[in-house]
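Notes for the structure review
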Amino acid sequence: MANPVLPSSGVLSPLGLDSVRVLPGFWGDRVVLNNEVTIAHCQEWQEREGWIGNFRGERPRRGREFSDSEIYKLLEAMAWADHPGLPALAEVVAQAQEGDGYLNTRWSGSRYTDFEWGHELYCYGHLIQAGVARLRMHGEDQLTRVVTRAADHVCRRFMDTDETCGHPVIEMALVELYRATGTERYLEMARRFVERRGLPALADIPFGRGYYQDDVPVRQAQVFRGHVVRALYLASGVVDVAVETGDQELLKAVESQWERTVARRTHLTGGMGSRHADESYGEDYELPPDRAYNETCASIASIMLAHRLLLATGDARYADLAERTMYNMLATGVALDGKSFFYVNPLQVRVPATPLDGVNHAAEGGLRSPWFDVSCCPNNIARTLASLPAYVAAAKDGGVLIHHLTPAEIRSGRLALRVETGYPWQGSVSVRVLEDGEGRIGLRVPAWATDATLAHVPVSAPDAPLPEGPVIRPVSPGYAYVEGPWRAGDEIRLELPMRPRWTVPDRRIDALRGSAAVERGPLVYCAESVADEPPLAGVTARVDPPVEHETDGVVELEVGARLASGGNGSWPYAAARAPEEGADVRLRLVPYHRWGNRGPATMRVWLPTI
Ligand SMILES: [Zn+2]
């Protein structure tokens, strides 16, 4: 099964790239662009920056101490995309592997001398994930042999120590290698890495041990904290270990940490991370729009975790968060041409960015960049989009559950289905049965779709006197089901309400008080101001129904607003609020994932309201 996550038990069984083919549409177009443009872009830059040369022994070594992991993420993307360049790149990587399986271009000669920052096990984690992808898409080859040698080396070296890595990811990688090969020591090694973290296993650092989730054992933690990518990769590995060992207590621990994190530490876009200094979560309700960090990798890690929890429990709220994050973070992270990327994703940008041609050394800024000194995000996007079909649907009790409403062809058990939809721009979703079959079909109704309807339109029997009419019924958020058996030509039609809606924040999110944002379907919208358009600093919006404008299939919105004209005083505080003055204007709102594609701009999602 061609799937990045393949648990041996759970409420749902994932359907992989061999069962789900995405067709032209919002995600299908992005998968094609990724596989044809972004993967090549990432390889070119890694060659140019010398990160691939490191494996050839070129000196001086270039890139950060973890740059090997970027080549591995690229290899994973290539494996899912069945990219012809994979064998040659795998050959380069294989050259650098030492006789006992050790593989790292930075630490060769001074192995395992810095667990806090060395990232050696982190790099193996990404290498192993690439190997699992290759094994499942293609079968054994040079890359998979490199990977099993490396994993065996890790088990020999770390099984009976109390050490672990400052950056989790090897946990979920080892569980997946166990799932792909049946070799139990990989699962046991992953389990031990999970259990020893927080005892503590690592040295204290200025950010504190919470930075790498080594402050308390994972079973005792109440919420995700510290560096967001670390926290979510770890949690993904913990779910994998819990599922494979049948450890319900461990699974419940992650579920409750996820719940609190989503309720108190998550931005409207699904992004996570409020502090720039250590790329970390803030405290509960610390969600400033302008200082939001929201690393693109953190959103990918959140999608990975939500997908695992969805498979383990079948609970639609995990798919809801994954969808929110996919449309508003993953799709935002890469430009419409597939060649530039956001690293941080704030919800407000006050000053237009200065365009850069080359490497963005800061990872910040309001324009997508072709490359970064730390280019985790571009490669992470590449591997995620390459494997995206595997997130779309799952099998359950001989039927199919469709989590993500995107044009696709899905085959599982005795069901062959074709999904057609203009979602997320339009709310009609058609699922057509391609062959006679059996099994229950479930479609996810997103949490915001409170007045959706479902129609079952059976194909007419050849000798029926009159065609059977559709049965239309209201459906609630969650999964809406229609039972089989099916005849080729039968259709299910889901209608989701796509009216734009105003959303207000919890009062405890101080930074957002008195403001509101507009959403439509799964998309978060933002005001964007380029070049000579009016600035957004003094804007106040009217909470009236937004007006829709559709251009080239993209829905933009317009709301009434007032632009403050004041602000030239010598002191920005006073005993009483000044009367609101300014010009009434119409404010254009664009989908957040499309912002920054028209050049340097200011932007804001949350609008103070009149
Ligand atoms: Zn990143």
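The structure this text deals with has already been given above.
All figures in this text were calculated on a predicted structure; none of them were measured in a lab. (Residues numbered from 1 in each chain as written. Predicted model: local features only at pLDDT ≥ 70, side-chain atom pairs only at ≥ 80, totals over all residues. Heavy atoms only, no water.)

1. Considerations on the overall build of the protein
From N to C terminus, the protein includes twelve helices and 24 strands. What you see for the protein is a C-alpha radius of gyration of 25 Å, in line with the 25 Å of a compact globule of 610 residues. Each principal axis of the C-alpha atoms in the protein carries an extent, and together these give about 85 × 70 × 45 Å. Looking at the protein residue by residue over its 610 residues, the buried ones come to 62%. Expressed as a percentage of contacts within the protein between residues at least 6 apart in sequence, the contacts between residues at least 24 apart total 69%. (Helix = DSSP H or I, 4+ residues; strand = E, 2+ residues; numbered from the N terminus. Rg over C-alpha atoms; globule rule 2.2 N^0.38 Å. Buried < 20%, exposed > 50% of the residue type's maximum accessible area, 1.4 Å probe, protein only. Contact = heavy atoms within 4.5 Å.)

2. As for the coordination of the zinc ion
Around the zinc ion, the protein contributes the donor atoms Glu295 (OE), Cys297 (SG), Cys376 (SG) and Cys377 (SG), which lie 2.1 to 2.3 Å from the metal centre. Relative to the metal, the four donor atoms surrounding the zinc ion lie at angles of 97 to 120 degrees, and the coordination shape comes out tetrahedral. (Donors = N, O, S within 2.8 Å, 3.2 Å for Na, K, Ca; no water. Tetrahedral: all angles 85-135°; square planar, octahedral: opposite > 155°, others 65-115°.)

3. A few points about the packing of helix H8 (residues 228-245) against helix H9 (residues 248-264)
At a minimum axis distance of 8 Å, the contact between H8 and H9 shows a crossing angle of 150 degrees. Classified by the angle between their axes, H8 and H9 sit roughly antiparallel to one another. Our pair here, H8 against H9, has a crossing hand that is left-handed. Across the interface between the two elements, Ala235, Val238, Val239, Val241 and Ala242 of H8 pack against Leu250, Leu251 and Val254 of H9. Looking at the contact of H8 with H9 residue by residue, the class counts come to eight nonpolar, no polar and no charged. (Axes fitted to C-alpha atoms, helices over the stretch in contact; angles between N-to-C directions. Parallel < 35°, antiparallel > 145°, perpendicular 65-115°, else oblique. Left-handed = near helix turned anticlockwise from the far one by under 90°. Nonpolar A, V, L, I, M, F, W, Y, C, P; charged D, E, K, R; others polar.)

4. Digging into the packing of aromatic side chains
One pass over the structure, following the stated rule, counts 22 aromatic pairs. With a centroid separation of 5.4 Å and 45 degrees between ring planes, the pair formed by tryptophan 117 and tyrosine 211 is classed as tilted. On the criterion of sequence distance, the pair formed by tryptophan 117 in the loop between helix H3 (86-95) and helix H4 (120-137) and tyrosine 211 in the loop between helix H7 (184-196) and H8 is long-range, its members being 94 residues apart. Tryptophan 117 gets classed as partly exposed once you look at its relative accessible area, which sits at 31%. Tyrosine 211 gets classed as buried once you look at its relative accessible area, which sits at 7%. Ring centres 5.5 Å apart and planes at 70 degrees place the aromatic pair tyrosine 343 and phenylalanine 372 in the edge-to-face group. Highlighted residues: tyrosine 343 in the loop between helix H11 (316-330) and strand S3 (348-349) and phenylalanine 372 in strand S5 (residues 371-372), separated in sequence by 29 residues. By relative accessible area, phenylalanine 372 is classed as buried at 2%. These aromatic residues form a ring-pair network of at least three members: Tyr102, Tyr112, Phe115, Tyr124, Phe158 and Phe193. Residue placement shows arginine 48 over the ring face of tryptophan 45; its charged tip is 4.0 Å from the ring centre. (Phe/Tyr/Trp six-rings, centres within 6.5 Å; stacked < 30°, edge-to-face > 60°. Lys NZ or Arg CZ within 6 Å of the ring centre and 35° of its normal.)

5. Re the environment of leucine 607
Along the chain, leucine 607 falls in strand S24 (residues 607-608). According to the relative accessible area criterion, leucine 607 is buried, its value standing at 1%. Through-space distance from the C-alpha of leucine 607 to that of glutamine 222 is 32 Å; in sequence the pair is 385 residues apart. What leucine 607 contacts, discounting residues up to four positions off in sequence, is Trp502, Gly514, Ser515, Ala516, Ala527, Val539, Ala541, Leu587 and Leu589.

6. Re the pattern of salt bridges
All chains considered together, the criterion is met by 57 salt bridges. We note a salt bridge from arginine 179 to glutamate 176, for which the minimum N-O separation is 2.8 Å. Here arginine 179 pairs with glutamate 176, and both are found in helix H6 (residues 170-181), just three residues apart, close to one helical turn. Note on glutamate 176: relative accessible area 3%, which makes it buried. (Salt bridge = Lys/Arg side-chain N within 4 Å of Asp/Glu carboxyl O.)

7. Details of unusual backbone geometry
Each neighbour pair has its own omega, and for tyrosine 423 with proline 424 the value is 10 degrees, a cis peptide bond. Relative to the assigned elements, proline 424 resides in the loop between strand S9 (415-421) and strand S10 (428-433). Residue glycine 484 is joined to proline 485 through a cis peptide bond whose omega torsion reads 0 degrees. If you trace the backbone, proline 485 turns up in the loop between strand S14 (478-482) and strand S15 (491-495). Backbone geometry places glutamine 213, a non-glycine residue, at a positive phi of 55 degrees.

8. With respect to the sheet that holds strand S7 (residues 399-402)
Pairing between the strands of a sheet comes from backbone hydrogen bonds, and it takes one of two forms, parallel or antiparallel. Strands sit in the order S1-S6-S7-S11-S14 across an open sheet of five strands; the sheet is mixed. Whereas interior strands pair on both sides, the edge strands pair on one side only; in this sheet they are strand S1 (13-14) and S14. Judged from the two bridges that link them, S1 and strand S6 (residues 393-396) form a sheet pairing that is antiparallel. Bridge pairing in S6 places proline 14 opposite alanine 394. Where H11 meets the sheet, its contacts fall on strand S11 (441-445) and S14, and the angle it forms with S11 comes to roughly 55 degrees. (Pairing = 2+ DSSP bridges.)

9. Some details on the pairing of strand S20 (residues 547-551)
Sheet analysis places S20 next to strand S21 (residues 554-564), joined by five bridges and oriented antiparallel. Considered in S21, the bridge of valine 547 is made with glutamate 558. The antiparallel pairing of S20 with S21 creates a hairpin that spans two residues between the two strands, and aspartate 552 there sits at a positive phi of about 50 degrees.

10. Quick word on the packing of H7 against H8
Helices that pack against each other are described as a pair by the angle of their axes relative to one another and the distance between those axes. Where H7 meets H8, the closest approach of the two axes is 10 Å, and the angle between their N-to-C directions is 125 degrees. With respect to H8, the axis of H7 lies oblique. Remark: the crossing between H7 and H8 carries left-handed chirality. Together, Leu187, Ala190, Arg191 and Val194 of H7 and Val238, Val241, Glu244 and Thr245 of H8 make up the contact between the two elements.

11. What about the side chain of arginine 444?
Counting through the fold element by element, arginine 444 comes out in strand S11. Of the polar contacts made by the side chain of arginine 444, one reaches the backbone oxygen of histidine 403; its length is 2.7 Å. Non-local contacts of arginine 444, meaning those with residues more than four positions away in its chain, are made with Ala316, Ala319, Asp320, Glu323, Ile402, His403, His404, Leu405, Gly478, Tyr479 and Leu494. (Polar contact = N/O pair within 3.5 Å; in protein donor to acceptor, adjacent residues only side chain to side chain.)

12. What to know about the sheet that holds strand S2 (residues 20-22)
The seven strands are arranged S2-S8-S9-S10-S15-S12-S13 in an open sheet whose pairing can be described as antiparallel. On the outer flanks of this sheet lie S2 and strand S13 (471-475), each paired with one strand and no other. Taking each pair of neighbouring strands and ignoring which way they run, the sheet shows an average axis angle of 15 degrees.

13. Section: the pairing of S9
When you tally the buried positions in S9, you get five out of seven residues, the bulk of the element. Connecting the antiparallel pair strand S8 (residues 408-412) and S9 is a turn made up of two residues, with glycine 413 showing a positive phi of about 55 degrees. Where S9 and S10 come together, five bridges link them in antiparallel fashion. Across the sheet, leucine 417 pairs through a bridge with valine 433, a residue of S10. Counting the residues in the hairpin turn of S9 and S10 gives six residues.

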